Every structure is written in structure tokens, then in C-alpha cells.
Amino acid sequence: MTTMTLACGLLCTQQPAAEKPAPILTADQASLQRANQRIKTLEGEVKALKEAKSTKPASNVVERKQKAPKLSQTYEVTAYTNGAESTGKSAGDPDYGITASGARTKTGHTIACPPSMAFGTRLYIEGIGVRTCEDRGGAITEGHIDLYVAGVSEAKVFGRQRLEAEIITK
């Protein structure tokens, strides 16, 4: 082998790049990353809904109006808090107090609804008032609503009630 061939062989050989350690994110960066992931998820859901809506034939419009969900019905209503007893999250968790829609929980405003209700749906709940669907929950199934309250004692006092609720906006 000539010196030139040997030098070229040494210089031209590609060495695997050294792996860089994963960057450490600050709490704000991690929160922003989660928010961006939520946005992408919601954008995907919106796109899927638009596609589903555009692929339905126009002849189904009358049929859909006839099968519209009942606006007022009786729901099983329970109460939940931000704490570990309800959400599994503790006060130090970056997602503590953040709903599935990305909004912060608010007393007198937030409810967790079944997946059939879109985020932003407002309901008038008998004896409670108007609340907005901003959250989901593993135990929240059709016919069940979970009302956000500030404290565990308030949630226990509220208990489990069957209340009439009416959808006022979708």
C-alpha cells in the first residue's frame, strides 16, 4: 500500500458520531413542549372531524337532524379536585391543575365530560349553574359528568347526584 492510499483510507473512513446527551429542559420548556403536543393532537382531531364531515353525503342532513342528541337529560354528577385522590397528580407535577383541553381548572366553571361532548360545550346543570366541558377522565363515561371543586371535603359533601343538565352551546 502506498502512503497516499493509507492516508486516504484513514481520512476517508467515517467514524460514528459520538451521541450527544439529551438536553435538560427547564420547567417552562417542558410545559411549552407539552402544550405544543396538545395543540398538535387537537389539530389532528379537528382535521379528522372536518374530513369526516366533508365525506358524508348531503342526503344525510335530514337524517342527522332527526337523530340529534337530546339537549336535556339526567346525568350522574360527581365532583373532583386537582389532587392525587382525583387525578393522580400532586402539587409539584407540571400538569397539576391542567385539564385535558389544556386549560386550568376553575371553580364554578370546569367540568369533565364524556368524549361525545366537545371541549367548550356549555351545560346548565340543575341546582349548579352553567359549566364548561374542559376535561376528560378515565371514569367519565356517557351519562356522567365530573364537576371540578377546590377541595376534597367539598367533593365528599357533593357526593354522587343524579341531576338534569341541558346543553346550551356546542
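As shown above, the structure is provided for reference.
What counts, and at which threshold
Residues numbered from 1 in each chain as written. Predicted model: local features only at pLDDT ≥ 70, side-chain atom pairs only at ≥ 80, totals over all residues. Heavy atoms only, no water. Phe/Tyr/Trp six-rings, centres within 6.5 Å; stacked < 30°, edge-to-face > 60°. Helix = DSSP H or I, 4+ residues; strand = E, 2+ residues; numbered from the N terminus. Buried < 20%, exposed > 50% of the residue type's maximum accessible area, 1.4 Å probe, protein only. Lys NZ or Arg CZ within 6 Å of the ring centre and 35° of its normal. Core = buried A, V, L, I, M, F, W, Y, C linked by side-chain atoms within 4.5 Å. Contact = heavy atoms within 4.5 Å. Pairing = 2+ DSSP bridges. Axes fitted to C-alpha atoms, helices over the stretch in contact; angles between N-to-C directions. Patch = residues over 30% accessible without salt bridge, like charges linked within 9 Å, V, L, I, M, F, W, Y side chains within 5 Å. Areas by Shrake-Rupley, 256 points an atom, 1.4 Å probe, with all protein chains shown as cover. Salt bridge = Lys/Arg side-chain N within 4 Å of Asp/Glu carboxyl O.

Draft legend 1. Main features of the packing of aromatic side chains. Within this structure, the stated rule accounts for 1 aromatic pair. Measuring from ring centre to ring centre gives 5.7 Å for Tyr80 and Tyr148, while their planes differ by 70 degrees; the resulting arrangement is edge-to-face. With Tyr80 in strand 1 (residues 72–80) and Tyr148 in strand 5 (residues 144–148), this residue pair connects regions lying 68 residues apart in the sequence. Of the two residues, Tyr80 and Tyr148, both sit in the buried class. Just above the ring of Phe119 sits the side chain of Arg136; from NZ or CZ to the centre is 4.2 Å.

Draft legend 2. Layout of the nonpolar core. Counting 17 residues, the largest nonpolar core has Tyr75, Val77, Ile111, Leu123, Ile125 and Ile145 as its most contacted members. Listing elements by their share of this core, those giving two or more residues are strand 1, strand 3 (122–125), strand 5, helix 5 (152–158) and strand 6 (161–169). Setting aside residues no more than four positions away along its own chain, Ile145 makes contact with Tyr75, Glu76, Val77, Thr78, Ile111, Ala112, Leu123, Ile125 and Ala165.

Draft legend 3. Spatial organisation of the sheet that holds strand 5. With mixed pairing, the 6 strands of this closed barrel are ordered in space as 1-5-2-4-3-6. Taking each pair of neighbouring strands and ignoring which way they run, the sheet shows an average axis angle of 50 degrees. For strand 3 and strand 6, the ladder comprises 4 bridges, and the chain directions are antiparallel. Across the sheet, the residue bridging to Arg122 is Thr169, located in strand 6.

Draft legend 4. Representation of a nonpolar patch on the surface. A grouping of Tyr124, Val130 and Ile168 is seen on the molecular surface, where their side chains present a nonpolar patch of about 240 Å² in accessible area. Here Val130 shows up in strand 4 (residues 129–135). On the basis of relative accessibility, which here comes to 33%, the residue Val130 falls in the partly exposed class.

Draft legend 5. Structural view of the pairing of strand 3. Here strand 3 shows one buried face, formed by Leu123 and Ile125, and one open face, formed by Arg122 and Tyr124. Looking at chain direction, strand 3 and strand 4 are connected through 4 bridges and run antiparallel. Directly across from Tyr124, in strand 4, lies its bridge partner Val130. Hairpin connection between strand 3 and strand 4: a loop of 3 residues separates the two successive antiparallel strands, and Gly127 in this loop has a positive phi of roughly 75 degrees.

The analysis is restricted to geometry; functional conclusions fall outside its scope.
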